Amino acid sequence: MATATLSIDLDALAANWRALDRLSGPEVQTAAVVKADGYGLGAGKVARALAWAGARRFFVAVAEEGAAVRQALGPGPQINVLSGHMAGDTEMLHDLDLTPMLNSLEQITRHLEALPGHPFGVQLDTGMNRLGVEPVEWQAVAPILIEAGPVMLMSHLACADEPDHPMNLSQLEAFHEMTDGSGLPRSFAATGGILLGPKYHFDLTRAGIGMYGGRPFEMAQRVVTLSLPVIQTREVLPGEVVGYSATWEPDAPSLIATVAAGYADGLLRSLSNNAVLWDGDTPCPLVGRVSMDLITVDVTHLREVPKTLDILGPHQTVDDLADAAGTIGYEILTSLGNRYTRRYQESRG
Ligand SMILES: *Cc1c(COP(=O)(O)O)cnc(C)c1O
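Analysis parameters
- Residues numbered from 1 in each chain as written.
- Predicted model: local features only at pLDDT ≥ 70, side-chain atom pairs only at ≥ 80, totals over all residues.
- Heavy atoms only, no water.
- UniProt positions renumbered as here; feature names shortened; annotations may be inferred.
- Helix = DSSP H or I, 4+ residues; strand = E, 2+ residues; numbered from the N terminus.
- Contact = heavy atoms within 4.5 Å.
- Buried < 20%, exposed > 50% of the residue type's maximum accessible area, 1.4 Å probe, protein only.
- Pairing = 2+ DSSP bridges.
- Axes fitted to C-alpha atoms, helices over the stretch in contact; angles between N-to-C directions.
- Parallel < 35°, antiparallel > 145°, perpendicular 65-115°, else oblique.
- Left-handed = near helix turned anticlockwise from the far one by under 90°.
- Nonpolar A, V, L, I, M, F, W, Y, C, P; charged D, E, K, R; others polar.
- Arc of directions from axis to C-beta.

Trainee: I tried to follow the UniProt feature "binding site: substrate" (unreviewed entry) in the chain on my own but got confused; where do I start?
Mentor: UniProt marks Arg130 and Met292 with the feature "binding site: substrate" (unreviewed entry), using the numbering shown here. Over a stretch of 163 residues, the named residues are scattered through the fold, their C-alpha atoms separated by up to 33.1 Å. Turning to its location among the elements, Arg130 is positioned in the loop between β6 (121–123) and α7 (135–147). Look past the residues within four positions of Arg130 in its chain and what remains in contact with it is Asp125 and His156. Of note, Met292 is situated in the loop between β13 (282–287) and β14 (295–298). Overall, Met292 belongs to the partly exposed group, its relative accessible area being 42%.

In structure tokens, the structure reads:
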């Protein structure tokens, strides 16, 4: 039987990174963010394709992810850990040459005591109030820390996907206040910040969602296709119902296809009665509730029952599906389940 297949176009991924790298300007390096297993697409494969395309610096969320990326890339590329130097990380940071972005006085102390001389960066909080050293703390420790030679000072924008949001400028101002005159490399922009323009770029940008084909990088090439096999079909008559809680009932005799993927595979339950799948160019509505392993789709209007239906593809991006589910493309990608057969397309041409 055909299995549900997630196709990942590594050439498109590399092309998206190159496009973001060009947008970042000639003086600016573009790092690749491969946290959460490469946004759900496989950190090792993704990182190797991006290294091949020219990426030399990578970001992960936690040290364990960094270990997987180091294993895939070998020595050389800089792998930065956004959660910093957490208790218990010391050996892994050291042995795999990972660079923590220190987020607090506690982490700074831990790092300088446990791994003196080991490279580190500092993450500054410019208003998002999530991760990073606060302005007052920074004032106190900056002179000593700058002496110790961090590889970069970085911060993160809270509202970069909304170009007119006042947070963007206020965070930019705070970042300048905290870092001007330090003489150190600086990093401020993720995908959204790259699109905000050069004054947000500093020395190093951190491309994430745009590489994977997601908003706000509207020019992105499509990276993922998700094709789901039809297991069986049945005719359903008016007065009959489909699926859990009997939420769908046809107006006329209908042909319903049962398709092999469900919320355990990342097809969020909020898509119930509220999404379409595609047979080539023809949309087919998802009807009834999303089950754990199955969905049901109205294929009455098709001339022939297809072997598979696409839920991500040329007619439906991760953002389109996210809109239907009431979420964002990031969540769709990172929810993609591990039951799919994964096919990586790559020419390295
Ligand atoms: C996730 C993340 C990124 C990448 O963000 P995108 O919006 O996916 O480009 C960059 N920097 C930090 C600190 C992050 O947490």
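Trainee: Quick question: what am I supposed to make of the pairing of strand β12 (residues 276–279) here?
Mentor: Residues in a regular strand point their side chains to alternate faces of the sheet. With four bridges joining them, β12 and β13 adopt antiparallel strand pairing. Residue Leu277 lies in a different strand from β13, and its bridge partner there is Cys284.

Trainee: Honestly, the UniProt feature "active site" (unreviewed entry) in the chain in this entry has me stumped. Any pointers?
Mentor: Per the UniProt entry, the sites bearing "active site" (unreviewed entry) are Lys35 and Tyr244 in this numbering. What stands out for the annotated residues spanning 210 residues is how far apart their C-alpha atoms range, the widest pair being 35.2 Å apart. Inspection of the secondary structure puts Lys35 in helix α2 (residues 35–39). Look at Lys35 and you get partly exposed, because its relative accessible area is 27%. Note that Tyr244 resides in the loop between β10 (224–236) and β11 (254–259). The class of Tyr244 is exposed, set by a relative accessible area of 60%.

Trainee: Can you walk me through the packing of helix α3 (residues 43–53) against helix α4 (residues 63–73) in this structure?
Mentor: The relative placement of two packed helices comes down to the angle between their axes together with the axis-to-axis distance. Between α3 and α4, the shortest axis-to-axis distance is 9 Å and the interhelical angle comes to 50°. As summarised for this structure, α3 and α4 are arranged oblique, according to the angle between their axes. In this structure, the crossing between α3 and α4 has a hand that is right-handed. Along its contact with α3, which presents Ala43, Gly44, Ala47, Arg48 and Ala51, the element α4 presents Val69, Ala72 and Leu73. Looking at the contact of α3 with α4 residue by residue, the classes come out as six nonpolar, one polar and one charged.

Trainee: Looking at this structure, I do not really get helix α6 (residues 105–114). What am I missing?
Mentor: One turn of the α-helix equals 3.6 residues, which is why residues spaced by three or four share an orientation. Here α6 has its buried residues at Gln107, Ile108 and His111. Here the buried residues of α6 occupy an arc of 100° about the axis, which is enough to place them on one side. Facing away from the buried side of α6 by more than 90 degrees, the exposed set consists of Glu106 and Glu113. Of the surrounding elements, those touching the buried residues of α6 are β5 (98–102) and α7.

Trainee: Honestly, the pairing of β11 in this entry has me stumped. Any pointers?
Mentor: Taken across its six residues, β11 has five buried, putting it largely inside the fold. Across six bridges, β10 lies against β11 in antiparallel orientation. Looking across to β11, one finds that Arg234 is bridged to Ile256. Sheet analysis places β11 next to β14, joined by four bridges and oriented antiparallel. Directly across from Ile256, in β14, lies its bridge partner Asp298.

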